[in-house]
Amino acid sequence: MNDINREFVSHDEALARAEAGVAKLAATRNDRWYPKFHIASNGGWINDPNGLCYYRGRWHVYYQLHPYGTQWGPMHWGHVSSDDMISWKREPITFAPSLEADRDGVFSGSAITGDDGRLWVFYTGHRWANGVDDADENLEVQCAAMSDDGVHFEKLGVIIDNPEGFRHFRDPKVWKQDGMWYMVFGMSTADRRGEVLLYSSENMRIWHFEQVLFRHPNPGVYMLECPDFFPLRDKEGNEYWVLCFSAMGERPNGFANRNLHNAGYVIGTWEPGEEFKPRTEFRLWDWGHNYYAPQSMVTPDGRRLQYAWMSPFVPPVPMQDDGWCGQLTVPREISLDSYCCIRTEPARELESLRETTMEYDPFMLGVNESFRLLDDVEAAEIELEMDMSHSTAERAGLKLMLTEDNAHTCVYYDDQTHRVVLDRHANARGDRGYRAAPFTSHTLKLHVFVDRCSIEVFVNDGEQVMSSYSFPSDGPRALEITAESGTLSIPSLRIHELRSIGLEE
Ligand code: FRU
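Residues numbered from 1 in each chain as written. Predicted model: local features only at pLDDT ≥ 70, side-chain atom pairs only at ≥ 80, totals over all residues. Heavy atoms only, no water.

By the naming in an unreviewed UniProt entry, the chain is Sucrose-6-phosphate hydrolase, taken from Bifidobacterium tissieri. Listed in UniProt under the heading Subcellular location (unreviewed entry), the comment for the chain reads: "Cytoplasm". (UniProt positions renumbered as here; feature names shortened; annotations may be inferred.)

Shown next, in the form of structure tokens:
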């Protein structure tokens, strides 16, 4: 253990070098697709949100960062903080590889305030067994670090070694319950099955294996990345436990699991010392093209908020030419509705981003009619109601990021499949393809967030969500509403232009 905790480079030096790496990329960044109201690095590649917390009066969001290029590479932790979740401040890079244990990457993890009032971070120290790449094995261990301000950390080194040298053994999420600390992380067994392990501790330093909390029933699923495990109460006050994970190896199944890897959850019951008893099948958090590795935190007023990485799974990934790559989703509030039904809604803090609001009286679109709502908009929130029982359209909805070359992304209701579709077939840049989420009622409420290269669609008050990148062509980005092969009744429509969260400088 001592060897593994040895510094092979001074952490301060490694951090200074990483800052210079990001600054170099940021200096020539092209902002055509750089988000106005989503968290991204000012330069370099990012992936998973890490260490989400509210500490000493500020929100902290850390994220996986490669500071030297716009591809995935040796992982660091980038950091932004905010006192209102709306205006964000860029903080110094938090972690760089510096110990033998994290030589090839400071991988994902979580943060929590300890009994000592300090901020504790748990992360995975990653090494390539051959020192270069994943051709052989990964050596992964769980590590800890501590801070008094959320900005400067002292690394404590390894707190859970990898007992068998399992290839995938990572992404600790920690919480406290009934006086005990608990940790879940993901693992791939010797026979390549995806599992979530549960550990416990009385003091956050010495951890004991409790049990395999969950083994994925599908033998094709070989790893469960970034697990999260938390209780939610439904409207009747019944408590359920939500086990989240990002499954590697799940096959597409109709409209579901269409991404390379798919993030979802299983709802069940659990209490300390007991087994987790699933009550539902695996469900997707989000039906879009680009949603992965979500992590949650609890707010001081008791809400469960989640951020995820908008993962660019399929090339081409146009932002990689612009000096940066990857953004997080907007923060979302997770709640349990009726029996085992999750709702995912935009965090209410986002309302403060609204700059101007346009409100429409109820109106009707005729057969094959389109209506231009805005000639040019980069960052907007659209609240649209469509009354399908008084409409005859076969497809009806929004055309977003519509440019002069007729490139655009559609978000529409499809009467034949009775689904909400996010369709990128007319995109001129980036990956294309469509995704389709189910819904049940006759009134369809679409709550859409459009940023410079992303679209997030909340369907019927968060019954379903879809998040996808979309890279508009050059020139003004118009917004239209359209009805195809029939009419569309629109009882209400509000459009808010949104301001920047302050990370564009
Ligand atoms: C998920 C993931 C994690 C890992 C991190 C490395 O996207 O692969 O399992 O800790 O990213 O960047």
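The rest of the description comes next.
What the rule picks out here adds up to 35 salt bridges. In this structure, the salt-bridge partner of R118 is E154, at a minimum N-O distance of 3.8 Å. Note that R118 is positioned in the loop between β5 (105-113) and β6 (119-128) and E154 in strand β8 (residues 153-160), a separation of 36 residues in sequence. In this structure, the salt-bridge partner of R167 is E137, at a minimum N-O distance of 3.5 Å. Placement of the pair is R167 in the loop between β8 and β9 (169-177) and E137 in the loop between β6 and β7 (138-147), with a sequence separation of 30 residues. For R167, a relative accessible area of 24% puts it in the partly exposed group. Overall, the relative accessible area of 37% leaves E137 in the partly exposed class. Residues participating in the shared-partner salt-bridge network are D301, R303, E333, R348 and E349. (Salt bridge = Lys/Arg side-chain N within 4 Å of Asp/Glu carboxyl O. Helix = DSSP H or I, 4+ residues; strand = E, 2+ residues; numbered from the N terminus. Buried < 20%, exposed > 50% of the residue type's maximum accessible area, 1.4 Å probe, protein only.)

Time to look at the environment of L305. Following the sequence through the fold, L305 ends up in strand β19 (residues 304-310). Using a relative accessible area of 0% as the deciding quantity, one classes L305 as buried. In this structure, the C-alpha to C-alpha distance between L305 and V330, residues 25 residues apart in sequence, is 10.0 Å. Setting aside its immediate chain neighbours within four residues, L305 contacts M85, Q295, S296, M297, T299, R332, E333 and A347. (Contact = heavy atoms within 4.5 Å.)

The next point concerns the domain arrangement of the chain. Here the domain parsing of the chain yields domain 1 (107-346) and domain 2 (354-498). Taking the mean C-alpha position of each, domain 1 and domain 2 sit 32 Å from one another. Tallying the contact residues gives 28 residues for domain 1 and 31 residues for domain 2. Summing both partners gives a buried area of about 2500 Å² for domain 1 against domain 2, and 57% of it is carried by carbon and sulfur. For domain 1, the biggest contributors to the area lost against domain 2 are F255, W287 and H289; these three give 31% of the whole. The tally of links between domain 1 and domain 2 comes to one salt bridge. Across the salt bridge formed by R332 and E456, the nearest N and O atoms sit 2.9 Å from each other. Linking domain 1 to domain 2 there are 19 residue pairs in polar contact (both at pLDDT 80 or more). For the side of domain 1 that touches domain 2, the element with the most residues is strand β23 (residues 342-346), which contributes five residues. Split into classes, the residues belonging to the side of domain 1 that touches domain 2 amount to 14 nonpolar, nine polar and five charged. (Domains from an automatic or database assignment. Buried area = accessible area lost by both parts, 1.4 Å probe. Polar contact = N/O pair within 3.5 Å; in protein donor to acceptor, adjacent residues only side chain to side chain. Nonpolar A, V, L, I, M, F, W, Y, C, P; charged D, E, K, R; others polar.)

We now examine the packing of aromatic side chains. Under the counting rule described, the total for this entry stands at 39 aromatic pairs. Between the aromatic rings of F169 and F185, the centroid separation amounts to 4.8 Å while the plane-to-plane angle is 70°, which identifies the pairing as edge-to-face. One end of the pair, F169, is in strand β9; the other, F185, is in strand β10 (residues 180-188), with 16 residues separating them in the sequence. The same class applies to F169 and to F185, which are both buried. Seen in terms of ring centroids, F229 and W270 are 5.3 Å apart; in terms of plane orientation they differ by 65°. Their pairing is edge-to-face. Taken together, the positions of F229 in strand β13 (residues 223-233) and W270 in the loop between β15 (261-269) and β16 (277-278) put the pair 41 residues apart, joining distant regions of the chain. The same class applies to F229 and to W270, which are both buried. (Phe/Tyr/Trp six-rings, centres within 6.5 Å; stacked < 30°, edge-to-face > 60°.)

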